[in-house]
Amino acid sequence: QVQLQQSGAELVKPGSSVKISCKASGYTFTSYDMHWIKQQPGNGLEWIGWIYPGNGNTKYNQKFNGKATLTADKSSSTAYMQLSSLTSEDSAVYFCAREFGGYLYVMDAWGQGASVTVSS
Amino acid sequence: DVQMTQSPSNLAASPGESVSINCKASKSISKYLAWYQQKPGKANKLLIYSGSTLQSGTPSRFSGSGSGTDFTLTIRNLEPEDFGLYYCQQHNEYPYTFGAGTKLELK
């Protein structure tokens, strides 16, 4: 079955960067977009962007331009999101989620979430 | 960006009852509205997309309706496993946006 296994919780300092991973299994990694979503307590969910691992194409929410960088490693079926110039506003749980397909832009399988805490 | 307004924020019900959760878009999104369930310790689950299409594995007690700006998720004959958080998401245009969530609690 489709599984998305995310990396563990991170405690990072303001101004630094962090890279979160999402290892996919149970399907052809290169055939489906991978979305990334941010969740802050009380703030609901925010779509960050997607990457198509087949060719590396990306699409970002303008709000996250310059903040998030999405990459994918086909050899290990792993998607990555790097967050840079971290502030307290970046403290959140970040999810990877597989695109359902057919250009529907809904997410049919989710990772368990990776918590990022930005604190000095 | 399309703003998604979910109501109510909190909802208390008992097993066997029926409940409805509403989602209103700030502009027309045609039929392109999805519903997700979030529960602690479990992966988020896609329930419904394109307004009313049940995702494979979603029990038939769940139904979605609406188009344009107003959508509803209805859960009939609540089961204990249905309690949790529910989010709507518009998948009509970039950037895809979510509602703030509805917490369905046991009464």
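Residues numbered from 1 in each chain as written. Chains lettered and ligands numbered in written order. Predicted model: local features only at pLDDT ≥ 70, side-chain atom pairs only at ≥ 80, totals over all residues. Heavy atoms only, no water.

Asks: I tried to follow the sheet that holds strand β1 (residues 3–6) of chain A on my own but got confused; where do I start?
Replies: By way of backbone hydrogen bonds, the strands of a sheet pair with one another, either parallel or antiparallel. All names here are of chain A. Overall, antiparallel pairing links the four strands, which are arranged β1-β3-β8-β7 in an open sheet. Edge strands, defined here as strands with exactly one partner in the open sheet, are β1 and β7 (68–73). Ignoring strand direction, the axes of neighbouring strands in this sheet form an average angle of 20°. As paired elements, β7 and strand β8 (residues 78–83) share six bridges and run antiparallel to each other. (Pairing = 2+ DSSP bridges. Helix = DSSP H or I, 4+ residues; strand = E, 2+ residues; numbered from the N terminus. Axes fitted to C-alpha atoms, helices over the stretch in contact; angles between N-to-C directions.)

Asks: Would you mind showing me how to read the state of the cysteines here?
Replies: Disulfide: a covalent bond formed between the sulfur atoms of two cysteine residues. Residues and elements named next belong to chain B. Using the criterion set out here, one finds two disulfides over all chains in the structure. One disulfide in the model links Cys 23 with Cys 88; its S-S distance is 2.0 Å. Between Cys 23 and Cys 88, the S-S dihedral sits near 60°, and the bridge is therefore right-handed. Here Cys 23, found in strand β3 (residues 19–25), pairs with Cys 88, found in strand β9 (residues 84–90); they are 65 residues apart in sequence, far enough to count as distant. The class of Cys 88 is buried, set by a relative accessible area of 0%. (Disulfide = S-S within 2.5 Å. Buried < 20%, exposed > 50% of the residue type's maximum accessible area, 1.4 Å probe, protein only.)

Asks: What is the right way to look at the interface of chain B and chain A in this model?
Replies: It is common to report an interface's size as the accessible area lost on association of the parts. Every contact between the two is made by 17 residues of chain B and, on the other side, 18 residues of chain A. Approximately 1600 Å² of surface area, both sides summed, lies buried where chain B meets chain A, with 64% of it carried by carbon and sulfur atoms. Ranking the residues of chain B by area buried against chain A places Tyr 94, Tyr 96 and Phe 98 of chain B at the top, with a combined share of 34%. Across the contact surface, chain B and chain A share zero salt bridges. Along the contact surface separating chain B from chain A lie six residue pairs in polar contact (both at pLDDT 80 or more). For the side of chain B that touches chain A, the secondary structure elements donating two or more residues are β4 (33–38), β5 (45–49) and β9 of chain B. (Contact = heavy atoms within 4.5 Å. Buried area = accessible area lost by both parts, 1.4 Å probe. Salt bridge = Lys/Arg side-chain N within 4 Å of Asp/Glu carboxyl O. Polar contact = N/O pair within 3.5 Å; in protein donor to acceptor, adjacent residues only side chain to side chain.)

Asks: Mind showing me how you'd approach the pairing of β1 of chain A here?
Replies: Sheet faces and side chains relate simply in a regular strand, where the side chains alternate between the two faces. Residues and elements named next belong to chain A. Residues Leu 4 and Gln 6 point to one face of β1 and are all buried, whereas Gln 3 and Gln 5, pointing to the other face, are not buried. For β1 and strand β3 (residues 18–25), the ladder comprises four bridges, and the chain directions are antiparallel. Following the sheet pairing, Gln 3 is matched in β3 by Ser 25.

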